[in-house]
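One letter stands for each residue in the lines below.
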Amino acid sequence: MTGIKGFIKGGAKGPTVALLGELDALINREHPQADSITGAAHACGHFAQIAWLIGGAIGLNRVAEKLCGNIALLAVPAEEFISMDFREGLRESGTIRYFGGKQEFIRLNLFDDIDIALMNHAHTDKPVRSTQIIEGYNGFIGKSITFTGRASHAGASPHRGINALNMFHVALSAINAQRETFKDTDAARVHFIITKGGDSVNVVPEEVKIEMFVRANSIKAINGLSGKVDNALKAGALGIGGSVEIKNIPGYMPLVPDDDLYNIWKQNAGRILGNKNIITIPAITASTDMGDVSHIIPAIEPSTGGFAGGMHSKDFRVTDEEMAYIIPAKLYAMTVIDLLKNNGNQAYGIIKGYKKKLTKNRYLKTLDSMFRTEKFSASDLSSTLL
Ligand SMILES: [Zn+2]
Ligand SMILES: [Zn+2]
């Protein structure tokens, strides 16, 4: 349970602009800097985000007197939507209600006094000294799935067992068969890990656990795909004669960036990096809880270089320290200064032009409605003999 929020007060009244940095890491056991016990490694560059947050704050602290409005500094945990079992435990104990850090910040009223939110992210697949203007991110729904069968001796008496791993095997065939119905325009992604595949090789697997994401670029598409995946999971349980429990967990909203805020970022990036190093790319299929923030206030999440290797991979590393740590901090500070100088004119313009997708209450209700646990058992099903 980490996370912190602070303020730098401006010299006069005006809007509040938040700079965000993410605190969390991933499990990448093969990463050379992975923690030897937990396997946690900073393979998504979030360590650099904290440098930008602190660097931006140091710069802004010197000029805040001349600004009209405040700067909020948010270091936020749990952007990577992982360890779902652990987070389910925290939810059941009442410690958290949602699995994402920014979702929890919204619930805990920490965004109530913020008018505009800005954060940046690392990238590795474009020129090192560049910024990417990312036109959107996918959203997703998370699924925590348990297939239950019956254990028996895998060699001597498999006929007495009901194989939960085979249930998932059948379910996966059905999901893969459905992929031909996925529309390219929805940018669908369905992917999973098996967190429990059985207990012993000589015992027919009784319990199999899966974590899965169903991603797409609109809530409507996510819900449609999620229903198809649920049918496929039930087909697995039915085909082998066992049962499945599907816990649907609200993931993140698609990110809809604010173009006017992006324009200020681009102007400043042009000054430092040159206009030819501002690369606009269409929406990407990854997801972030900055998407949730973008549904209630104007927000952007561009990316910058200074890194190499693959995101979330063992070879992710810093290759250009000035670019990785210093330049984005300057871009944070310069963008906030532009927003809050001249009576906060540009910030007020962005707030006025913003089309709110959801009120905070509506947003929280939407998330709550997405928690849905469904149980399906082959034995529940009766058919009619004609
Ligand atoms: Zn990541
Ligand atoms: Zn990340």
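The structure this text deals with has already been given above.
These numbers were taken from a predicted model, which means no experiment stands behind them. (Residues numbered from 1 in each chain as written. Chains lettered and ligands numbered in written order. Predicted model: local features only at pLDDT ≥ 70, side-chain atom pairs only at ≥ 80, totals over all residues. Heavy atoms only, no water.)

With distances of 2.0 to 2.2 Å, the protein atoms coordinating the zinc ion (ligand 1) are Cys44 (SG), Glu80 (OE) and His312 (NE2). Written as a sequence motif, the donor residues of the zinc ion (ligand 1) are C-x35-E-x231-H. If you look at the zinc ion (ligand 1) and the zinc ion (ligand 2), they sit 3.1 Å from each other and are both ligated by Cys44. Pair noted here: Cys44 is in the loop between strand S4 (40-41) and helix H1 (46-63) and His312 is in the loop between strand S16 (307-308) and strand S17 (317-318), with a separation of 268 residues, a long-range link. Using a relative accessible area of 8% as the deciding quantity, one classes Cys44 as buried. (Donors = N, O, S within 2.8 Å, 3.2 Å for Na, K, Ca; no water. Helix = DSSP H or I, 4+ residues; strand = E, 2+ residues; numbered from the N terminus. Buried < 20%, exposed > 50% of the residue type's maximum accessible area, 1.4 Å probe, protein only.)

Taken N-terminus to C-terminus, the directions of helix H4 (residues 164-178) and helix H5 (residues 219-240) make an angle of 140 degrees; their axes are 7 Å apart at the nearest point. Considering only the axes of H4 and H5, their crossing is right-handed. Contact with H4, carried on its side by Asn166, Met167, Val170, Ala171, Ala174, Ile175 and Gln178, involves Lys228, Val229, Ala232, Leu233, Ala235, Gly236, Ala237 and Ile240 of H5 and no other residues of that element. Of the residues in the contact of H4 with H5, the class split is 11 nonpolar, three polar and one charged. (Axes fitted to C-alpha atoms, helices over the stretch in contact; angles between N-to-C directions. Left-handed = near helix turned anticlockwise from the far one by under 90°. Contact = heavy atoms within 4.5 Å. Nonpolar A, V, L, I, M, F, W, Y, C, P; charged D, E, K, R; others polar.)

Counting 68 residues, the largest nonpolar core has Leu19, Leu20, Ile71, Leu74, Phe111 and Leu339 as its most contacted members. For this core, the leading source of residues is helix H8 (residues 321-340), giving nine residues. Not counting residues within four places of it along the chain, the set of residues in contact with Leu74 comprises Ile4, Lys5, Ala18, Leu19, Leu20, Gly21, Leu53, Phe105, Phe111 and Ile114. Residues Ile145, Ile175, Phe182 and Ala237 belong to the second largest nonpolar core, which totals 28 residues. (Core = buried A, V, L, I, M, F, W, Y, C linked by side-chain atoms within 4.5 Å.)

Looking now at unusual backbone geometry. The residue Ala187 is not glycine, and still its phi comes out positive at about 55 degrees. Within the fold, Ala187 resides in the loop between H4 and strand S10 (189-196). With phi around 50 degrees, Asn342 is a residue other than glycine that occupies positive phi space. Relative to the elements of secondary structure, Asn342 occurs in the loop between H8 and helix H9 (345-353). Relative accessible area serves as the criterion here: at 52%, Asn342 is assigned to the exposed category.

Moving on, we come to the sheet that holds strand S18 (residues 372-377). Reading across from one edge, S10-S11-S9-S12-S18 is the order of the five strands in this open sheet, with antiparallel pairing throughout. Unpaired on one side and paired on the other, S10 and S18 mark the two borders of the sheet. Strand-to-strand twist in this sheet, taken as the mean axis angle between neighbours without regard to direction, amounts to 20 degrees. Both strand S9 (residues 139-148) and strand S12 (residues 243-250) contribute to a ladder of eight bridges, which runs antiparallel. Bridge pairing in S12 links Gly142 to Ile249. Packed onto the sheet, helix H10 (residues 360-370) meets S9, S12 and S18 and runs at close to 170 degrees relative to S12. (Pairing = 2+ DSSP bridges.)

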